[in-house]
Amino acid sequence: QVQLVESGGGLVQAGGSLRLSCAASSRSFGTMGWFRRAPGREREFVVSIKYSGGVTYGADSLKDRFTISGDNAMNTVHLQMNGLKAEDTAVYFCSAIDFGSTTWRYWGRGTQVTVSS
């Protein structure tokens with residue numbers, strides 16, 4: 001069974017940084033990415049990275065502050081978040097897509113990121 005395990009969340013002051021990591025259990029994926037759900041809001045796509053290295057952001061406003069990276073095997077991804085703002089407070093979820101698919105099939109349980117203003 002595929003498992004995605006996130007780590008690295010926590011409490012940080014506005015302007016600070018956090019690095020989230022997601023490790024998959026013994027397999028590779030075509031695409032891995034991050035979503036987030038803020039209190040009272042719908043789940044939001046943050047950023048993804050393909051096995052080929054292509055990166056897609058959910059919003060242009062995140063490009064200057066968030067950076068995604070993955071290992072060569074595409075079973076571990078990291079999300080470096082700089083210049084954090086209170087509105088970045090959310091549960092961040094790792095997700096993955098199989099090769100040849102377009103469906104976000106696999107999900108982690110999430111890690112809480114809280115930014116204090």
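Located above this text is the structure these notes cover.
Quick caveat: nothing in here was measured; it's all calculated off a predicted structure. The numbering scheme is per chain: residues are counted from 1 as the chain's sequence reads. Note on the predicted model: pLDDT of at least 70 is required for a residue's local features to be given, and 80 or more for side-chain atom pairs to be given and counted; whole-chain, interface and lining totals, by contrast, use all residues. By convention in this description, side-chain values take in all heavy atoms of the structure and omit both hydrogens and water.

With that settled, consider the overall build of the chain. Strands here are runs of E lasting at least two residues and helices are runs of H or I lasting at least four, both read from the DSSP assignment and numbered beginning at the N terminus. In terms of regular secondary structure, the chain is built from 0 helices and 11 strands. Counting from the amino terminus, helix and strand elements in the chain follow one another as β-β-β-β-β-β-β-β-β-β-β. Its C-alpha atoms give the chain a radius of gyration of 13 Å, near enough to 13 Å, the size a compact globule of 117 residues would have. Considered along the principal axes of its C-alpha atoms, the chain spans approximately 40 × 25 × 25 Å. A fraction of 54% describes how many contacts in the chain between residues 6 or more apart in sequence connect residues 24 or more apart. Under this rule, positive means Lys or Arg and negative means Asp or Glu; His and the chain ends count for nothing. To locate a charge, take atom NZ for lysine, CZ for arginine, CG for aspartate or CD for glutamate. Side-chain charges in the chain split into 12 positive and 9 negative, and the spacing between the mean points of these groups amounts to 4 Å. The reference for a compact globule is 2.2 Å times residues^0.38; the radius of gyration itself is calculated from the C-alpha atoms. Here, residues are in contact when the closest pair of their heavy atoms is within 4.5 Å.

A separate point is the environment of D71. Locating D71 in the fold gives a position in the loop between β7 (66-70) and β8 (76-81). In sequence terms D71 and G53 are 18 residues apart; their C-alpha atoms lie 9.9 Å from each other. In protein, a polar contact means a hydrogen-donor-capable atom and an acceptor-capable atom, both N or O and within 3.5 Å, with residues adjacent in sequence counting only if both atoms are side-chain atoms; elsewhere, any N or O pair within 3.5 Å suffices. A polar contact is formed between the side chain of D71 and the backbone nitrogen of M74, at a distance of 2.9 Å.

For the rest of this paragraph, the subject is unusual backbone geometry. Although it is not a glycine, M74 sits at a positive phi angle of roughly 50°. Each residue's exposure class comes from its accessible area (1.4 Å probe, protein chains only) as a fraction of the maximum for that residue type: buried when under 20%, exposed when over 50%, partly exposed otherwise. Residue classification places M74 among the buried positions, given a relative accessible area of 3%.

Pairs of strands are assigned from DSSP output, requiring at least two bridges between the strands. Spatial ordering of the open sheet is given by β1-β3-β8-β7, a layout of 4 strands whose pairing is antiparallel. The strands lining the two open edges of the sheet, one partner per strand, are β1 (4-7) and β7. Neighbour-to-neighbour, the strand axes of the sheet open up by a mean angle of 15°, direction not taken into account. As defined by bridge partners, strand β3 (residues 18-24) adjoins β8 across 6 bridges and the pair is classed as antiparallel. Directly across from R19, in β8, lies its bridge partner Q80. Only the stretch in contact is used when fitting a helix axis, every axis being a line fitted to C-alpha atoms; angles between N-to-C directions are given from 0 to 180 degrees.

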